[in-house]
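Breakdown of the fold
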Amino acid sequence: MTPAIPSPYRKRIYARPAVPVLLARRVATADGAELATFVYGPAGADVHRLLADAPVLALHGNGGSHATFAAVMEPLVAAGKAIIAFDARGQGLSGRGTLPLTYELFAADAICVLDALGVTSAHIVGHSDGGIEALLMARDYADRVRSIVAGGANLTPEGVIDEWDTEASAERGRAWATWVEEGHLPAEVDPTLMPSVEDTRIDAELLQLMLDEPHIEASSLSTISCPACVLVGEHDCITREETEAIAHAIPGARLVTVPDMGHSLPRKAPDSVATQVLVNIVLADR
């Protein structure tokens, strides 16, 4: 079978945020995934001092990179905060590692990043898959989390209104990789100008993750005790029932709906996202 087109899901353009970068390094995980990690903050600031003062940790969505939060960072940096942002495993500039992909693994990776930077606790802002990870971090690593903004998060695969035909995209990626491995790529085609087999299989694996997971019992979120904001767009691809289930399960959680917006709030409504992070910081400091 010859795929009509390669999987287009991987975002090839990698544009870093415009705010000052204070630190950039790779953080190694136990299974060999090297996580491209960055700290942004006010120009000339002492990065170690900023990291000691409950920085913001940004967790991006499936198939993206930390640049998702570029516009969100600007008001946070203006408020004097440091933002830790890393590319999730298999995405952006980060390696895949060897362990099976789960949202619990992504949450553990975030803790690994905090450990590597010597950060004891952070305010978490997550979008889409990153929103799921924010929920898991607040539930499973409560002592490391000062507050969470969980944007566009879901508890089950059924909680997503699939606007992209995710299953077909994953299958197309797998078919492309198999077709290339079987030697069907024409000799006239430079393979370096095509999606690589490795990258395409990782893309398909990430898409499959959204089809298979998460499976989070809403009642398990009742142990979350930090300030929490459940953030969605008015026209988000997350079902309203699932969004409300998350908000109702977390004691004292604020449910905030951004009018006339869809799923991509960090890019389309960055000020709304940053405002909720700053509100959480005030609430956590009371």
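To start, this report covers the structure provided alongside it. (Residues numbered from 1 in each chain as written. Predicted model: local features only at pLDDT ≥ 70, side-chain atom pairs only at ≥ 80, totals over all residues. Heavy atoms only, no water.)

**A short note on the sheet that holds strand S5 (residues 122–127)**
- Sheet architecture is open: eight strands sit in the order S1-S2-S4-S3-S5-S6-S7-S8, paired in mixed fashion. A strand with exactly one partner marks an edge of an open sheet, and here the two such strands are strand S1 (21–28) and strand S8 (254–258). Adjacent strand axes in the sheet meet at a mean angle of 20° when their direction is disregarded.
- Relative to S8, strand S7 (residues 228–233) is paired through five bridges, and the arrangement is parallel. Following the sheet pairing, Cys-229 is matched in S8 by Arg-254.
- Contacts from helix H2 (residues 70–78) reach strand S2 (34–40), strand S3 (56–59) and strand S4 (83–86) within the one sheet, and its direction differs from that of S4 by about 155°. (Pairing = 2+ DSSP bridges. Helix = DSSP H or I, 4+ residues; strand = E, 2+ residues; numbered from the N terminus. Axes fitted to C-alpha atoms, helices over the stretch in contact; angles between N-to-C directions. Contact = heavy atoms within 4.5 Å.)

**What to know about the pairing of S4**
- Because side chains alternate across S4, one face comprises the buried residues Ile-83 and Ala-85, and the other comprises Ile-84 and Phe-86, equally buried.
- Where S2 meets S4, four bridges bridge the pair, whose relative direction is antiparallel. Across the sheet, the residue bridging to Phe-38 is Ala-85, located in S4.
- Strand direction decides the pairing type here: S3 and S4, joined by three bridges, are parallel. Its bridge partner lying in S4, Ala-58 is registered against Ala-85.
- Each parallel crossover has a hand, and for S3 linked through H2 to S4 it is right-handed. (Buried < 20%, exposed > 50% of the residue type's maximum accessible area, 1.4 Å probe, protein only. Right-handed = clockwise from strand over helix to strand, strands pointing away.)

**Brief notes about the packing of helix H3 (residues 103–116) against helix H4 (residues 129–140)**
- At a minimum axis separation of 9 Å, H3 and H4 run at an interaxial angle of 75°. Between H3 and H4, the interaxial angle falls into the category roughly perpendicular. Contacts from Tyr-103, Glu-104, Phe-106, Ala-107, Ala-110, Ile-111 and Leu-114 in H3 reach Asp-129, Ile-132, Glu-133, Leu-136 and Met-137 in H4. (Parallel < 35°, antiparallel > 145°, perpendicular 65-115°, else oblique.)

**Description of the pairing of S2**
- Counting buried positions along S2 yields six of seven residues, so the element is predominantly enclosed.
- Both S1 and S2 contribute to a ladder of seven bridges, which runs antiparallel. Directly across from Val-21, in S2, lies its bridge partner Tyr-40.
- Taking the residues that link successive antiparallel strands as the turn, the S1-S2 hairpin has five residues, and the phi of Gly-32 there is positive, at about 95°.

**A closer look at H4**
- In this model, H4 (12 residues) spans 16 Å end to end at C-alpha, consistent with the 16 Å of a helix rising 1.5 Å per residue.
- Among the 12 residues of H4, 10 are classified as buried, and the element is accordingly described as predominantly covered.
- Restricting attention to buried positions, one finds in H4 the residues Asp-129, Gly-130, Gly-131, Ile-132, Glu-133, Ala-134, Leu-135, Leu-136, Met-137 and Ala-138.
- Buried residues belonging to H4 abut S3, H3, S5, strand S6 (145–151), helix H6 (197–212) and helix H7 (240–249). (Expected span 1.5 Å × (residues − 1).)

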